[in-house]
Amino acid sequence: MTWDKDREEQLLEVVGDERPVSQETAAEAAEALDVSTRSVSAKLRKMGVEVEKAGPRARKFSEE
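Structural notes, computed from the coordinates. (Residues numbered from 1 in each chain as written. Predicted model: local features only at pLDDT ≥ 70, side-chain atom pairs only at ≥ 80, totals over all residues. Heavy atoms only, no water.)

**Some details on the environment of Leu33**
Part 1 of the argument: Here Leu33 is to be found in helix H2 (residues 23-33).
Part 2 of the argument: The buried category is assigned to Leu33, whose relative accessible area is 7%.
Part 3 of the argument: C-alpha separation for the pair Leu33 and Glu8, spaced 25 residues apart in sequence, amounts to 10.0 Å.
Part 4 of the argument: When neighbours within four sequence positions are excluded, Leu33 is seen to be in contact with Trp3, Arg7, Gln10 and Leu11. (Helix = DSSP H or I, 4+ residues; strand = E, 2+ residues; numbered from the N terminus. Buried < 20%, exposed > 50% of the residue type's maximum accessible area, 1.4 Å probe, protein only. Contact = heavy atoms within 4.5 Å.)

This is the structure we're talking about:
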């Protein structure tokens, strides 16, 4: 999937005027555009839109 002007405009329509864009809104935009939330957040940041940082990730390994 590539980001073109039309998809960028759709993305901005979905997030509206919310700044910073919340993770919930980014997830809604991702679902609407059939891409990952991470992809939406990265694209918004590249477009100069402030996006709320995601929470801490769960560890994939144990310390034991």
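Now that the structure has been shown, the text picks up again.
**Some remarks on helix H3 (residues 37-46)**
Part 1 of the argument: For H3, the set of buried residues is Val40, Ser41, Lys43 and Leu44. In a view along the axis of H3, the buried residues occupy a sector of 165 degrees, so they form one face of it. Relative to its buried face, H3 has exposed residues pointing more than 90 degrees away, namely Arg38 and Lys46.
Part 2 of the argument: Buried residues along H3 sit in contact with helix H1 (5-15) and H2. (Arc of directions from axis to C-beta.)

**Some thoughts on the pattern of salt bridges**
Part 1 of the argument: Applying the stated rule across the entire model yields one salt bridge.
Part 2 of the argument: The salt bridge involving Lys43 is made with Glu8; its shortest N-O contact spans 3.0 Å. Pair noted here: Lys43 is in helix H3 and Glu8 is in helix H1, with a separation of 35 residues, a long-range link.
Part 3 of the argument: Residue classification places Lys43 among the buried residues on the basis of a relative accessible area of 15%.
Part 4 of the argument: Residue classification places Glu8 among the buried residues on the basis of a relative accessible area of 16%. (Salt bridge = Lys/Arg side-chain N within 4 Å of Asp/Glu carboxyl O.)

**Here's the deal with unusual backbone geometry**
Part 1 of the argument: For the peptide bond that leads from Arg19 to Pro20, omega is -5 degrees, which places it in the cis range.
Part 2 of the argument: Looking at the secondary structure, you find Pro20 in the loop between H1 and H2.
Part 3 of the argument: Phi angles above zero are rare outside glycine, and Asp34 is one such case at about 60 degrees.

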